[in-house]
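One-letter residues, chain by chain:
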Amino acid sequence: MYKGRFAPSPTGPLHFGSLVAALASFLDARYNQGTWQVRLDDIDPPRHDRSSFQTIPDCLEQHGLFWDNDLLLQSRRKETHEFYISKLRRAGRIFTCTCTRTTLGPLGQCQSDCPEKRHGQGSIRLHLSDATEPGFTDLVLGPQIPTVMPKNFVMKRRDGLIAYQLATAVDDIDEGYTHIIRGSDLLDSTFRQMAIHEALGKLSPRYGHLPLVTDSLGNKLSKQAGAQAVDETRPVANLRLALDFLNQTSPPSAAKSVGDVLNFATEHWRLNQLNQG
Ligand code: GLU
């Protein structure tokens, strides 16, 4: 049974790029008669914008993007994250790295003798096995191999916060998602999250990465860079623009409500049409 999700970080209101990711993951789930969850990835408090815990779910609802079951909060799953870290520790796949920013090598990887040292305070890193051959077939982009892949990367930060890669890799398998549709800015992260799944002996979900929405200068829209919030007073127009961006068949002009537009879009959804603009 298909299970999909949208997992924004509460670092600001939804912008058009996040609406596109939310809509595509929603439509792919509904088209496949699956369930769709919303999870707020709230594990990095210094980056949070308190109001977005309210504005993000409100904005999704305004656009008719209603999730199944309860809204999930990643911060509630710290024990599960720690449990999987201890599993990786028992499997000998992680080490404590005491390097500072200046002693880390290219791609922010540890290249000193940290793995051999037993003690010390620092970040906790996964080291990739030489046997791993990262690569997968993306549902949108086709066959993918990483252009660069670090030899190790952070699972738990020096300040004690769980890193995005670990939390997301763990939650995605533990919450049982079968399909993850998200922006192409996360493609590099996908290789890392798949490496975590592999280290845990788990199967990864299928992934599909969407074209990125950029501003007039070609930069990715991002909440941190202050991208404009979606105007919630015109949800139908926003959905039409997002469908257009996703290269989907336009709903007829008779489709006047959010429900009409989403019903049409679900029926006519074609994930493999995304890249044929
Ligand atoms: N929380 C991440 C973000 O907002 C995305 C997580 C994901 O889709 O894996 O960028």
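Keep in mind the model is a prediction, meaning the values are calculated, not measured. (Residues numbered from 1 in each chain as written. Predicted model: local features only at pLDDT ≥ 70, side-chain atom pairs only at ≥ 80, totals over all residues. Heavy atoms only, no water.)

### Examining helix H3 (residues 78-90)
In this model H3 runs 18 Å from its N-terminal to its C-terminal C-alpha over 13 residues, within 8% of the 18 Å that 1.5 Å per residue would give. Listed as buried for H3 are His81, Tyr84, Ile85 and Leu88. End-on view of H3: buried residues confined to an arc of 105°, all on one side of the axis. Facing away from the buried side of H3, by more than 90 degrees, are the exposed residues Glu79 and Arg90. (Helix = DSSP H or I, 4+ residues; strand = E, 2+ residues; numbered from the N terminus. Expected span 1.5 Å × (residues − 1). Buried < 20%, exposed > 50% of the residue type's maximum accessible area, 1.4 Å probe, protein only. Arc of directions from axis to C-beta.)

### Topic: the pattern of salt bridges
Counting across every chain of the model gives 13 salt bridges. The closest approach of N and O atoms between Arg39 and Glu175, which form a salt bridge, is 3.1 Å. On the criterion of sequence distance, the pair formed by Arg39 in strand S2 (residues 35-40) and Glu175 in the loop between helix H4 (164-174) and strand S9 (179-183) is long-range, its members being 136 residues apart. For the pair Arg39 and Glu175, a shared accessibility class is recorded, and that class is buried. Between Arg157 and Asp159 there is a salt bridge; the shortest N-O distance is 2.8 Å. Among the charged side chains, a salt-bridge network with shared partners connects Arg5, Arg39, Asp41, Arg77, Asp171, Asp172, Asp174 and Glu175. (Salt bridge = Lys/Arg side-chain N within 4 Å of Asp/Glu carboxyl O.)

### Some points on the site of the ligand
Taken together, Arg5, Ala7, Pro8, Ser9, Asp41, Tyr164, Thr168, Arg182 and Leu186 form the complete shell of residues around the ligand. A distance of 2.8 Å separates a nitrogen atom of the ligand from a polar side-chain atom of Asp41. Its free accessible area being 290 Å², the ligand has 81% of it covered by the protein chains. Along the lines of polarity and charge, the residues of the shell around the ligand split into four nonpolar, two polar and three charged. (Near = heavy atom within 4 Å. Polar contact = N/O pair within 3.5 Å; in protein donor to acceptor, adjacent residues only side chain to side chain. Areas by Shrake-Rupley, 256 points an atom, 1.4 Å probe, with all protein chains shown as cover. Nonpolar A, V, L, I, M, F, W, Y, C, P; charged D, E, K, R; others polar.)

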